[in-house]
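Read off the chains here:
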Amino acid sequence: MSHVSIRDILSSAAQIVGEGHCKMLSYEVKADKSLCSEIDQKVSLATKAILQKSGFFDDPRNMYLDEEDASSATLDQIKNANEVVIIDPIDGSGALLEGRSEYCIMVAHFKNNNGVLTAIQSGVYAPRTFETVIMDVDGKVTVTETISTGLNTTKNIMRAGEDAVSKLNSGNMLLDYRYEQKFTWLAMKNLKVHLNPSGRNVLDIAMNRGRGFVFVYKPWDLCAMPIAHALGCKTYLLSENGQSYTATEVNHLDVNWFDYDADKNEFGKIKQPLLFCREENLAFILENLQKA
């Protein structure tokens, strides 16, 4: 197994984010209407340099999948890879550019078997909520005050252990910005619905800050999935059953779940919604989640 350091990658990203804080940032609008900021690009370049130095690329079967350069690896190459590192340099570039706090950097290192990815390690860095969460190669998850970024290193916000799902309150449902046309959430009386980027939502579910999260997007938005599993969450592929859904538990990330355009060498969205939740919340979510 190659000696990839998730912490080194996140530390480099932290420095880049800190240097870009409170500055006017350039960006481009990509073909799928998502944004790529100059910070995305700098984090991508720094990550490639770290992987090169670590010897990750010494094995030609090892693959690197970056949201900002995803077409550089074909589906067949990924399926035939030995190890795969996936990164979303900034999940929530729009939030970053607008000064909102929901964005994060996600990276995960997987062992691969024909496109079925088993996690080796995973990390999420959330600059504006002062958190770094890392699942190491032993499966242990650590939550720390964020790596120094120059944002506000004196402020200490430790959100680990917060419980948004109490016995007296059904808790919040978390949904991606891109969910609106897919689902109707019925339990609105006592339940708030929060729209955030996928990475922020997966992290919040892992930390028990929401009842559930329905994922609808692309592979690199699932880098935090191993952390959620390590902290006791489960994932379920949802199949349509009339206007409602049935759930099938899955334990690994599988690139075959996603649409793929071979002509453009480009991943599309997940074919079936993927639900993150704790097992005790599954029945309630299925009862209240309907096809829009």
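Along each chain, the written sequence defines residue order, and numbers are assigned to residues from 1. Predicted model: local features are reported for residues with pLDDT of at least 70 only, side-chain atom pairs are reported and counted for 80 or more only, and whole-chain, interface and lining totals are derived from all residues. To get the side-chain values, take all heavy atoms of the structure and skip hydrogens and water.

**As for the confidence of the model for the protein chain**
For every residue, the predictor reports its confidence as pLDDT, a number between 0 and 100. Mean pLDDT for the protein chain: 82, with 79% of residues reaching 70 or above. Contacts are assigned to residue pairs with any non-hydrogen atoms lying within 4.5 Å of each other. Low pLDDT, under 50, characterises residues 148-168; the stretch is placed with 43 contacts to residues that sit more than four places away or in other chains.

**What about the packing of aromatic side chains?**
Only Phe, Tyr and Trp rings take part, Trp by its six-membered ring, and two of them pair if their centres are within 6.5 Å. Stacked means planes under 30 degrees apart, edge-to-face means over 60, and tilted covers everything else. Per the counting criterion, the structure on display carries six aromatic pairs. Taking 5.3 Å as the distance between ring centres and 75° as the angle between the ring planes, the aromatic pair formed by Phe-56 and Phe-57 counts as edge-to-face. The buried category is assigned to Phe-56, whose relative accessible area is 0%. Residue exposure (1.4 Å probe, protein chains only): buried if accessible area is under 20% of the type maximum, exposed if over 50%, otherwise partly exposed. Relative accessible area serves as the criterion here: at 30%, Phe-57 is assigned to the partly exposed category.

**Side note on the side chain of Glu-131**
Under the DSSP-based scheme used, a helix requires at least four consecutive residues in state H or I and a strand at least two consecutive residues in state E, with every element numbered from the N terminus. Among the secondary structure elements, Glu-131 is positioned in strand E7 (residues 131-135). Note on Glu-131: relative accessible area 1%, which makes it buried. Polar contacts involving the side chain of Glu-131 include one to the side chain of Arg-200, which spans 3.2 Å. A 3.5 Å cut-off defines polar contacts: any pair of N or O atoms within that distance qualifies, except that in protein one atom must be a possible hydrogen donor and the other a possible acceptor, and neighbouring residues in sequence count only when both atoms are side-chain atoms.

**Concerning the pattern of salt bridges**
Every case where a carboxyl oxygen of Asp or Glu lies within 4 Å of a side-chain nitrogen of Lys or Arg is listed as a salt bridge. One pass over the structure, following the stated rule, counts eight salt bridges. A salt bridge links Glu-279 to Lys-234, with the shortest nitrogen-to-oxygen separation between them at 3.4 Å. Highlighted residues: Glu-279 in the loop between strand E18 (274-277) and helix H7 (282-288) and Lys-234 in strand E13 (residues 234-241), separated in sequence by 45 residues. A residue is classified by how much of its surface remains accessible, and Lys-234, at 25% relative accessible area, is partly exposed. Residues Glu-240 and Lys-291 are paired through a salt bridge, measuring 3.1 Å at the closest nitrogen-oxygen approach. A residue pair is termed long-range when its members are at least 10 positions apart, and Glu-240 in strand E13 and Lys-291 in strand E19 (residues 289-291) qualify at 51 residues. Using a relative accessible area of 30% as the deciding quantity, one classes Lys-291 as partly exposed. One connected set of salt bridges, linked through shared partners, spans Glu-131, Arg-200, Asp-204 and Arg-209.

**A closer look at unusual backbone geometry**
Unusually for a residue other than glycine, Asn-114 sits at a positive phi of about 55°. With respect to the helices and strands, Asn-114 occurs in the loop between strand E5 (104-113) and strand E6 (116-126). Asn-114 sits in the partly exposed class, given a relative accessible area of 48%. For Asn-208, which is not glycine, the phi torsion reads 65° and is therefore positive. Overall, Asn-208 belongs to the buried group, its relative accessible area being 17%.

**Focus: the environment of Val-214**
In this fold, Val-214 is placed in strand E12 (residues 212-215). Taking relative accessible area as the criterion, Val-214 reaches 0% and is therefore assigned buried. The spacing of Val-214 and Ser-198 is 16 residues in sequence and 8.9 Å in space, taken between C-alpha atoms. Contacts of Val-214, omitting those with residues within four sequence positions, involve Met-173, Leu-174, Leu-175, Asp-176, Phe-183, Leu-238, Pro-273, Leu-274, Leu-275 and Leu-289.

**Some details on the environment of Tyr-103**
Assignment of secondary structure puts Tyr-103 in the loop between helix H4 (93-98) and E5. Spatially, the C-alpha atoms of Tyr-103 and Ile-90 are 6.6 Å apart, while their sequence positions differ by 13 residues.

**Side note on the pairing of strand E14 (residues 244-250)**
Two strands pair when backbone bridges link them, and E13 and E14 are joined in this way by seven bridges, in the antiparallel orientation. Residue pairing in the sheet places Asn-241 in a bridge with Ser-244 of E14. Between E13 and E14, which pair antiparallel in sequence order, lie two residues; one of them, Gly-242, sits at a positive phi of approximately 70°. Pairing between strands is defined by DSSP: at least two bridges between them are needed.

**What to know about the nonpolar core**
Throughout, nonpolar core names a set of buried Ala, Val, Leu, Ile, Met, Phe, Trp, Tyr and Cys residues whose side chains join them through atoms within 4.5 Å. Among the nonpolar cores identified, the biggest contains 44 residues, and Ile-86, Phe-215, Leu-253, Trp-257, Leu-274 and Phe-276 are the most heavily contacted of them. Beyond its immediate chain neighbours, meaning those up to four positions away, Trp-257 contacts Met-225, Leu-237, Val-250, His-252, Ile-270, Lys-271 and Leu-274. Val-4, Tyr-64, Tyr-103 and Val-107 belong to the second-largest nonpolar core, a separate cluster that totals 24 residues.

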